[in-house]
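Spelled out, the chains give:
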Amino acid sequence: MYLKKLSLLNFKNFESKTFEFHDKINCFVGNNGVGKTNVLDAIYYLSFGKSYFNSVASQNIKHHQDFFMIEGNYNVMDRNESIVCSLKRGSKKVIKRNDKEYERFSDHIGHIPLVIISPADRDLITEGSDIRRKFVDTVISQSDSSYLKSLINYNKVLQQRNALLKYFAANRTFDKLNLQVYNEQLEQHGTIIYNKRKAFLEIFTPIFEERYGVITNGKEKVRLSYKTQLDQGCLTDLLDAGLEKDRMLQYTNIGVHKDDLIFNIDEFPVKKFGSQGQQKSFLIALKLAQFEFIKNLVQKSPILLLDDIFDKLDDERVGQIVGMVNQEDFGQLFISDTHEKRTKEVVRKTNQTYQIFNL
């Protein structure tokens, strides 16, 4: 599976641009601000129906324009496929596969598996637990549509329960029976999510540890831990126990929407004690483990996007990363970098054919 052609119309800084890609390695080089990352984001958009960098869809429309359109032509199992994502201001986003519009965007997730490694990933370390949950959810959802359904249903019920708690507070009333209906639904969907996250991390963690060991030549030990309230008991019991707190704060404080991942290097938190290089290596190992996990499940190599990942890494770590790309069947790879010479040196070491686009 690979992306043959990408057409952009009014997407971010591009008015109209078409790229034809090599089936192995494609590199975008140029100064900051020319749109290298925007091209990678467009490729990401075709897999997930949204931007990796900007959650407000209308802000991806070029300034002073009314719409954007992204079209990708793929070779999938030796068949031609087209994916089109478009948005008009004031209208609903549209995603089409082979000219047929999706009724639910979630049905498209996983069809074109993709992994991105970007400086924006640092949020996984520095920001709140919702970013780390999103990472886990994205990995699992690309290979398990039933998980995504449970997640969507859980979040709907959670919103309804929170709205009811606010209603009770505003009207100085309370009906435990009404809450119980939502508790049972949260239990149903939440238990599925909890079990699948736990099973995923049991498989994923050893892959991640092995990847980090390769990048650092085994000089440091890393640990990935799953933090969840559901280890303490079933969700309905926990919700009952936390009812008074929920009533006081007017939102649900117990459930899988509070889950987190704990990141450690040599038993110390990466956020506080990891150097820039260690943090970047940690994140790259996470994403390469994501790549391998998805590849093993769906039996095809995801498209891999590397956005400016070689900056702030020493030569040894860069060498180890390139070595992994060279040894594995990584499928199609897209790289953005500000230094053309460095990019050429890196891709030549892969012994793969490549194409360079100067933006």
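Everything here concerns the structure above.
Parameters at a glance
- Residues numbered from 1 in each chain as written.
- Predicted model: local features only at pLDDT ≥ 70, side-chain atom pairs only at ≥ 80, totals over all residues.
- Heavy atoms only, no water.
- Helix = DSSP H or I, 4+ residues; strand = E, 2+ residues; numbered from the N terminus.
- Rg over C-alpha atoms; globule rule 2.2 N^0.38 Å.
- Buried < 20%, exposed > 50% of the residue type's maximum accessible area, 1.4 Å probe, protein only.
- Contact = heavy atoms within 4.5 Å.
- Areas by Shrake-Rupley, 256 points an atom, 1.4 Å probe, with all protein chains shown as cover.
- Lys, Arg positive; Asp, Glu negative; His and termini not counted.
- Charge placed at Lys NZ, Arg CZ, Asp CG, Glu CD.
- Phe/Tyr/Trp six-rings, centres within 6.5 Å; stacked < 30°, edge-to-face > 60°.
- Lys NZ or Arg CZ within 6 Å of the ring centre and 35° of its normal.
- Expected span 1.5 Å × (residues − 1).
- Salt bridge = Lys/Arg side-chain N within 4 Å of Asp/Glu carboxyl O.
- Pairing = 2+ DSSP bridges.
- Core = buried A, V, L, I, M, F, W, Y, C linked by side-chain atoms within 4.5 Å.
- Axes fitted to C-alpha atoms, helices over the stretch in contact; angles between N-to-C directions.

(A) Geometry of the overall build of the chain. Along the backbone of the chain there are eleven helices and 14 strands. On C-alpha atoms alone, the chain measures out to a radius of gyration of 22 Å, which is about the 21 Å that the 2.2 N^0.38 rule sets for 359 residues. Buried positions account for 50% of the 359 residues belonging to the chain. For the chain, contacts bridging at least 24 residues in sequence account for 73% of all contacts bridging at least 6. Counting every atom, the chain has about 17,300 Å² of accessible surface; 47% of that belongs to carbon and sulfur. Across the chain, the 51 positively charged side chains and the 46 negatively charged ones have centroids separated by 3 Å.

(B) Spatial organisation of the packing of aromatic side chains. A full pass over the atoms with the stated rule returns 25 aromatic pairs. Ring geometry for F21 versus F357: centroids 5.6 Å apart, planes at 85°, classification edge-to-face. Taken together, the positions of F21 in the loop between β2 (14-20) and β3 (25-29) and F357 in strand β14 (residues 354-358) put the pair 336 residues apart, joining distant regions of the chain. Summarising the burial analysis for this pair, F21 and F357 share the class buried. In textbook terms, an aromatic cluster arises when at least three aromatic residues are bridged by ring pairs, as seen for F14, F19, F21, F28, F334 and F357. Over the ring of F174 we find R247; its NZ or CZ atom is 3.9 Å from the centre of that ring.

(C) Region of the structure containing helix α4 (residues 145-171). The terminal C-alpha atoms of α4 lie 39 Å apart, and with 27 residues this matches the ideal 39 Å at 1.5 Å per residue to within 8%. Packing partners of the buried residues in α4 comprise α3 (129-141), α5 (176-216), α6 (235-241) and α7 (243-249). At the C-terminal side of α4, R172 shows a positive phi close to 50°.

(D) Quick look at the environment of F19. For F19, the position within the fold is in strand β2. Residue F19 is classed as buried on the basis of its relative accessible area, which comes to 2%. Distance from F19 to V39, taken between C-alpha atoms, is 9.4 Å for residues 20 residues apart in sequence. Those residues in contact with F19 that lie beyond four places of it in its chain are K4, K5, L6, L8, F14, F28, V39, F357 and L359.

(E) Geometry of the pattern of salt bridges. Evaluated as defined, the whole model comprises 16 salt bridges. Where E81 meets R97, a salt bridge forms, and the shortest distance between an N and an O atom there is 3.4 Å. Here the residue E81 occupies a position in strand β5 (residues 79-88), and R97 occupies one in strand β6 (residues 94-97), the gap between them amounting to 16 residues. Of the residues examined, E81 reaches a relative accessible area of 5% and is grouped as buried. The partner of D144 in a salt bridge is K196, with the nearest N and O atoms 2.9 Å apart. Of this pair, D144 sits in the loop between α3 and α4 while K196 sits in helix α5; the two residues are 52 residues apart in sequence, bridging distant segments of the chain. A relative accessible area of 19% means that D144 is categorised as buried. The class of K196 is partly exposed, set by a relative accessible area of 26%. One network of salt bridges, in which partners are shared, links R79, E81 and R97.

(F) Just the sheet that holds strand β11 (residues 268-269), in detail. Strand order across the open sheet formed by three strands is β9-β10-β11, with antiparallel pairing between neighbours. Each having just a single partner strand, β9 (222-227) and β11 make up the two edges of the open sheet. The sheet contact formed by strand β10 (residues 260-265) and β11 spans two bridges and is antiparallel. By the bridge assignment for β11, N264 is matched with P269.

(G) Region of interest: the nonpolar core. Core analysis: the biggest nonpolar cluster contains 58 residues, and F204, F208, F263, F282, L286 and L304 have the highest contact counts within it. Beyond its immediate stretch of four places on either side in the chain, L286 contacts L124, F135, F204, F208, L224 and F263.

(H) The arrangement of the sheet that holds β5 in detail. Spatially, β2-β1-β4-β5-β6-β7 is the arrangement adopted by the six strands of the open sheet, whose pairing is antiparallel. A strand with exactly one partner marks an edge of an open sheet, and here the two such strands are β2 and β7 (100-101). In terms of strand pairing, strand β1 (residues 2-11) meets β2 through six bridges, oriented antiparallel. Bridge pairing links L8 to K17 in β2. Across the sheet, helix α1 (residues 36-48) is in contact with β1, β2, β4 (67-76) and β5; its angle to β1 comes to roughly 110°.

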